[in-house]
Each structure stands twice: as structure tokens, then as C-alpha cells.
Number of protein chains: 2
Amino acid sequence: MTRQTSGRAALRWAVSSAGPAVVLLDQTALPHAEVELACADVPALVAAIQRLVVRGAPLLGIAGAYGVALAAARGDDVVAAAGLLAAARPTAVNLASGVEIALDAWRSNGGDPAAPLAAARALEAADAAASAAMAEHGRDLVVGLVPGKARILTHCNTGALVSGGTGTALAVVLALHTADRLDRLWVDETRPLLQGARLTAWEAGRAGVPHAVLADGAAGSLFARGRVDAVLVGADRIAADGSVANKVGTYPLAVLARHHGVPFVVVAPTSTIDPATADGDAIVVEERDGAEVTSYAGAAVAPADTPAYNPAFDVTPPDLVTALVTEVGVIRPLSSESVRSVLPRTARSGATMDS
Amino acid sequence: MTRQTSGRAALRWAVSSAGPAVVLLDQTALPHAEVELACADVPALVAAIQRLVVRGAPLLGIAGAYGVALAAARGDDVVAAAGLLAAARPTAVNLASGVEIALDAWRSNGGDPAAPLAAARALEAADAAASAAMAEHGRDLVVGLVPGKARILTHCNTGALVSGGTGTALAVVLALHTADRLDRLWVDETRPLLQGARLTAWEAGRAGVPHAVLADGAAGSLFARGRVDAVLVGADRIAADGSVANKVGTYPLAVLARHHGVPFVVVAPTSTIDPATADGDAIVVEERDGAEVTSYAGAAVAPADTPAYNPAFDVTPPDLVTALVTEVGVIRPLSSESVRSVLPRTARSGATMDS
């Protein structure tokens, strides 16, 4: 099963006369062009992950699993390939756990290359089911929190482009829209890579969701004017204490939401929870190339050689999170205890592999 | 007197065989090109103001005064020209008051075209003196608030490009640097028009100030990691109750600063205070073209026809402001009473002209 976004899937497994490949919809080219990139080996896939051709916590897990399947199908060194894949981006726990799931399948089936492929397909199907469950739980939560039609603020991109299904936070937004309980979606443009302006606006437009894009700094005036009823965001990693790593710019929204008494809701599958990461301080935050900030689309903005600070993520402490929506239900309040309660029994003792 | 930024002044009065002109350093072309634009009549100057060729609260006042002088020198309808200039941008009170000062000089000198020009030159000189005084007061304030070398976060551009002198918030930063009390300047890129990445980084680099540019949303993680000792920003208009209108993205910094117990300091001349604007709700916030958000440095980012929310400013209530640094001293705390105490006696009854 591959999920369709617009005729083209964000990720699909393809076998041609040239051999197997993981084919990605190049998200760096959206919304202006729909270009597919076929990764015929793991180094190509790792480079695509690092360049954000493919991105988003759940989809990274699926990409990691297909990457292991690709190495196995090619007869490459599967363990080495798994190591490269898991380390491609340090913050998203799903990537490492998707790799681990496919690697386990390969190992426990005596190196049968069909086993990691089946595991990747199962992971993709499970993620689609998780999306549907999160959409339902999240919709019911927001309907309970906000009377009438909700004005939702979101950050980054959390829809079908990041998941095996309809996504995380954006899946909830779509469910609210379907239930006629959405007034408007406010879309943070999400600097530096503009996933909001490029991808969320594209997905919202295609779904007919009323929306408007804003500079990230303009969110403050929306709160001040009472024009936000709830914030819905995804997560890249959730620590054992409930600290949430997500796209940089998320934490300021959590602080603004608290200051204005607006619910701040995180939507993420339980696979995003990493019991091996104790708390927010233990989350490794990827620092990316400063040129992402000082230039755009190849054009320099700042003077040459201007130093930049460019963390990809920030960390929101659990006490600023009104609720965490997962596929198994809503966790509220967020704490070590409540996080532990939704983990599969096998995971509670800590993951064996850290990214 | 015209202030030099780099060989070229941000604004200068020039008389050639073609007649008089207000010559502007085109700030939209910085930092990659230093291009001057000669405005030979008021409509050209109004267009330049609206396009942000010239910008920044104090400099807009000076530009407005020179604009009246230009109309008078050309023998145009001075009152009509003053009306066009004052309305060119609605939020910056200095623009309207600079226009008013030059118009008053023209009227009270029987229409002598030399009078508004002398008034504009006096306004420019007074602004340079105000910059120097603010730099000193602000430096002493920060030295008192922050032990050792300070890590300062700023937003937008508040240096020599916006003033008849060294500026407002950036003038304080330069004074701290000169006093060896600056560790580093964090520069918000300041979307949508990137005045921080383009202009503040340019000015900081030329002055040898250690600095780094960041996406506006990344400021949150600097606060969370304890890497900001104080926030210094300018202001476009300060209402009678102390509410501060400044570049959009300022208010979230004030909320973050409060959440983290970090001083939030506004640096602005008393000419920025508008006693005719009662409070924050009365401040007219300019909404600009959505294309500023849906494109980046001229390149389309969002899908065509994506709606945008693009307020140029936001409003920070006085209780979030640790101190206001003016040319006549530091106001702390900020309140109706303390604001009134620094106004010239003639202004306390309310300005006669609102923008």
C-alpha cells in the first residue's frame, strides 16, 4: 500500500529492470513541481533524508524501514545500511525505530530479503490506521474544548506528506473540517524551510480547508487579538517525561498559548515516544546548515559569511502541553506516568537503539 | 547634516540642475547593492516610503519633514503634499509628526520654502543627539541588569539606517560593544521583509559586533537554553498607556522574555510616544500585501493565490516591558503616568494630527 497525495505517493517501493528503489516525491520541489526521486541504494536514500526530500516523523520511520528492505534486496551489508539510515537525522525517533523494526525482521527471518519489505509495508499500513485513529480522537478533543467552529493554528507540515495515512495534526484539522467544526486554519510559514507555506498551504488548498499563511512571528498578534482557539502541532520525538521535540518555532507557540489560556495540543503516534530519552535535556537537537537561514532557494539574503544559529527543533516541556493525541487515545495531562501508560509493554523498559 | 552609513547616507537633501530631491539609500537592495534613489517630488517619496526604500520610525519622521521641504521648494501644494506624506504608512507616529513639524514651520514663516528645510535639518540633528543619549542611557541600564558581558536578542533593524544618528536599540548594542560589555548579538531575521538578516546583520558586521542570525521562531530555544540576557527592540509608536507597536514578531519575544524572567527593553525617542493614541487597541496596525509572506526575497513560495495574514506590527502591552529607554532617560515601569512624565509639556494635551 502506498498513500496517494496527488496522483503521486510521498513514498513508494518500485521494482524495475534496473532493480528495486524507494521512490520519493521530492518535497523540496513542492508546491511548484511534483518531481519523483528514485533512490536505488541506501546512500542515495540517506542523502534524500538529510536534504528533506522526504521528511516528517512517521514517514521517516517508513522510509527507514524501506531503506533496510532496499539494502536487503540489493544484497548489501544490511547492518551497516541500517546504521547509516538510523543516523541520517538525529532528532526523529521514528526513523531509528522504523529501521530497527525492519532490521529485526531481517535478522529473525534468517536474512530473507522479503521479511524487511513485509515489515516496511506493515509499518506503513499501521501508520495509516494510526492517522485515522488520531484524527478521530483529536477531532473529539477539539470539539469538546472549543464551542462552535474552531480557529486552529498549526506549525510546519503534518499531513499526508509525513505519514502512511492522512498525518497527525493536519489529519485532525481535516477531520474537524469534515465535521464542519473548522472555522479556519492559520498556517505558520515555518522558517527556515517554509514547510507551512509550501506544503501545509498546498495540502490545505487541495482539501478545500479555509486557511491563511502567516510569518511565524505574526502568530503573537493572532493570540493577542483572540483569533486562535487551539494550537495543533505534531512531534518529532517525545521523551519519557513528556517533553516534545518538534520543528523549531513550536515552543514559542506553546508559551504564547499558555499566556493566553489557549489549548496547545500535540498529535503524534505512540511510535514518536522514546522511553530511552529521559527528558527534554536528553533530546539531541539537530543543528542544520546556517545557509538555510541566511539564504533562500539559492539566493543570499544576509551578507556573505553571516553566522547563523539554526536548530531544526525545539523542546516544549510537558507542563505547557494541554493534551497529547495518540492513536490509542488522548493523554491529558502529559507526564512520565501518563506517557508510560500508552507505551506498548515491550517498549516500557527502554528502546535498545537510540538515534 | 546627513548621517553616513557606508559612504552613502540613508537619506540626504540634494540640489542639482534638475532641482531639489530627497535622495534615499534603497534599503530594499541592501546588503547586496548600495543603490541611491532620488525622489524629485512628493509622490515619488511617498511610493518609496510605502515600498520601504526608507523605513524605521525616526528616519521616517525626518523623511516626512524633508518631503514637506521638497514640496515647498518645488512650489507644489504643500498642505496636500503633507497629507499624502503623513498617510503613507499608518503606524509610525514619527512620520506624521515630522510632517507636522515641517508644515508648521512653513505656515508660521509665511510660506517661506527655506523654513521647512531648516526644520527638517533641525529634526535630523535632534535625532542624532537623541540616538547618542539613548545609547548612553541604554548601555547603563543593561550594565546594571546583566552582570558581565550580555547576550542581547534584537528584532528588525534599529541602527543608523533608521535614524539621524546611530539608531535606537542597535545604538545601545553598539555602546555595549564599545564598553566591552557585549558577548553577542542575536539577530532575528525578521520575516517577512528580513530587515534583521539583511540590514542588522550588515550593520553588525561593519561594526565588528559578534552576531548570529536566526529564524524568528528559533528565539524560543535560545530563551529555553538560557542564552539570552536581555531583549532590546525599537518602537514604531507608543500609546499614552505605554503600549508599544513595533515590527511584527516583537510581542512573542516579550511573552517569552516574561516566561523566562529576561529583561525586555524598548529603546525609542520620546517622539515615538503618541499621546493622542490612548492605548494598544487604538493603534492602527498596517496590514501589508500578502505576497510579502507567500513569497521570499522575490521568489514564490506558497501555492498561487494562497491567502495570507500580514500585519506589519504587533502591540506589546506595557506590563511586559521592563523599561523604556528614551533620550531623556529610562522609564521604568512603563505606565500612563511614567509615559506622560517624559513628554514635552506642549504634547501632553494630545497631538493635533493623527496618522
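Residues numbered from 1 in each chain as written. Chains lettered and ligands numbered in written order. Predicted model: local features only at pLDDT ≥ 70, side-chain atom pairs only at ≥ 80, totals over all residues. Heavy atoms only, no water.

**Considering the overall build of chain A**
Here's step 1: From N to C terminus, chain A includes eleven helices and 17 strands.
Here's step 2: Scaling as 2.2 N^0.38, a compact globule of 355 residues should have a C-alpha radius of gyration of about 20 Å, and chain A matches this with 19 Å.
Here's step 3: Each of the three principal axes of chain A carries a C-alpha extent, and together these read 60 × 50 × 40 Å.
Here's step 4: Counting over 355 residues, chain A shows a buried share of 61%.
Here's step 5: When contacts within chain A are restricted to residue pairs at least 6 apart in sequence, those whose partners lie at least 24 apart make up 75%.
Here's step 6: In the structure as shown, chain A presents an accessible area of about 11,800 Å², 53% of it carried by carbon and sulfur atoms.
Here's step 7: Charge centroids of chain A, computed over 27 positive and 35 negative side chains, lie 6 Å from each other. (Helix = DSSP H or I, 4+ residues; strand = E, 2+ residues; numbered from the N terminus. Rg over C-alpha atoms; globule rule 2.2 N^0.38 Å. Buried < 20%, exposed > 50% of the residue type's maximum accessible area, 1.4 Å probe, protein only. Contact = heavy atoms within 4.5 Å. Areas by Shrake-Rupley, 256 points an atom, 1.4 Å probe, with all protein chains shown as cover. Lys, Arg positive; Asp, Glu negative; His and termini not counted. Charge placed at Lys NZ, Arg CZ, Asp CG, Glu CD.)

**Considerations on the relation of the copies chain A and chain B**
Here's step 1: Screw-axis analysis of chain A against chain B gives a translation of 0.0 Å along the axis, an RMSD of 0.2 Å, and a rotation angle of 180 degrees. Interpreted geometrically, this transformation is the action of a two-fold axis.
Here's step 2: Taken as a fraction of all interface residues of chain A, those also at the interface in chain B reach 98%, which identifies the copy contact as same-surface. (Least-squares fit on C-alpha atoms with pLDDT ≥ 70 in both.)

**Notes on the sheet that holds strand 8 (residues 237-239) of chain A**
In any sheet, the strands associate via hydrogen bonds between backbone groups, in a parallel or an antiparallel arrangement.
Residue and element names in this part refer to chain A.
Here's step 1: Overall, mixed pairing links the four strands, which are arranged 11-8-9-15 in an open sheet. Edge strands, defined here as strands with exactly one partner in the open sheet, are strand 11 (273-274) and strand 15 (313-316).
Here's step 2: Relative to strand 9 (residues 244-247), strand 8 is paired through two bridges, and the arrangement is antiparallel. Across the sheet, the residue bridging to I238 is V244, located in strand 9. (Pairing = 2+ DSSP bridges.)

**A look at the interface of chain A and chain B**
Here's step 1: Facing the 48 residues of chain A at the interface are 48 residues of chain B.
Here's step 2: When the buried surface of chain A facing chain B is broken down by residue, Y251, V301 and Y309 of chain A rank first, second and third, together holding 18% of it.
Here's step 3: At the boundary of chain A with chain B, the tally comes to four salt bridges.
Here's step 4: Residue E287 of chain B is joined to R225 of chain A by a salt bridge in which the shortest nitrogen-to-oxygen separation is 3.7 Å.
Here's step 5: Across the chain A-chain B interface, the total number found is 17 residue pairs in polar contact (both at pLDDT 80 or more).
Here's step 6: The set of elements that each furnish at least two residues to the side of chain A that touches chain B consists of helix 7 (195-207), strand 6 (211-214), helix 8 (219-224), helix 9 (250-260), strand 12 (295-296) and strand 14 (308-309) of chain A.
Here's step 7: With six residues, the single largest contributor to the side of chain A that touches chain B is helix 9 of chain A.
Here's step 8: A breakdown of the residues in the side of chain A that touches chain B according to their chemical character gives 31 nonpolar, ten polar and seven charged. (Buried area = accessible area lost by both parts, 1.4 Å probe. Salt bridge = Lys/Arg side-chain N within 4 Å of Asp/Glu carboxyl O. Polar contact = N/O pair within 3.5 Å; in protein donor to acceptor, adjacent residues only side chain to side chain. Nonpolar A, V, L, I, M, F, W, Y, C, P; charged D, E, K, R; others polar.)

**Comments concerning the sheet that holds strand 8 (residues 237-239) of chain B**
Here's step 1: Strands sit in the order 11-8-9-15 (chain B) across an open sheet of four strands; the sheet is mixed. At either margin of the open sheet sits one strand with a lone partner, and together these are strand 11 (273-274) and strand 15 (313-316) of chain B.

**Focus on helix 4 (residues 93-108) of chain B**
All names here are of chain B.
Here's step 1: A rise of 1.5 Å per residue sets the reference length of helix 4, with its 16 residues, at 22 Å; its end C-alpha atoms lie 22 Å apart and thus fit the reference within 8%.
Here's step 2: Residues of helix 4 that are buried sit in contact with helix 1 (42-50), helix 2 (57-74), helix 3 (78-86), helix 5 (114-145), strand 8 and strand 11.
Here's step 3: G110 occupies a position one or two residues after helix 4 and carries a positive phi of about 60 degrees. (Expected span 1.5 Å × (residues − 1).)

**Description of the environment of L256 of chain B**
Here's step 1: Tracing the backbone shows L256 of chain B in helix 9 (residues 250-260).
Here's step 2: Through-space distance from the C-alpha of L256 of chain B to that of L103 of chain B is 42 Å; in sequence the pair is 153 residues apart.
Here's step 3: Every residue in contact with L256 of chain B, bar those within four places of it in the chain, is listed here: Y251, P252 and V255 of chain A together with G220 and F223 of chain B.

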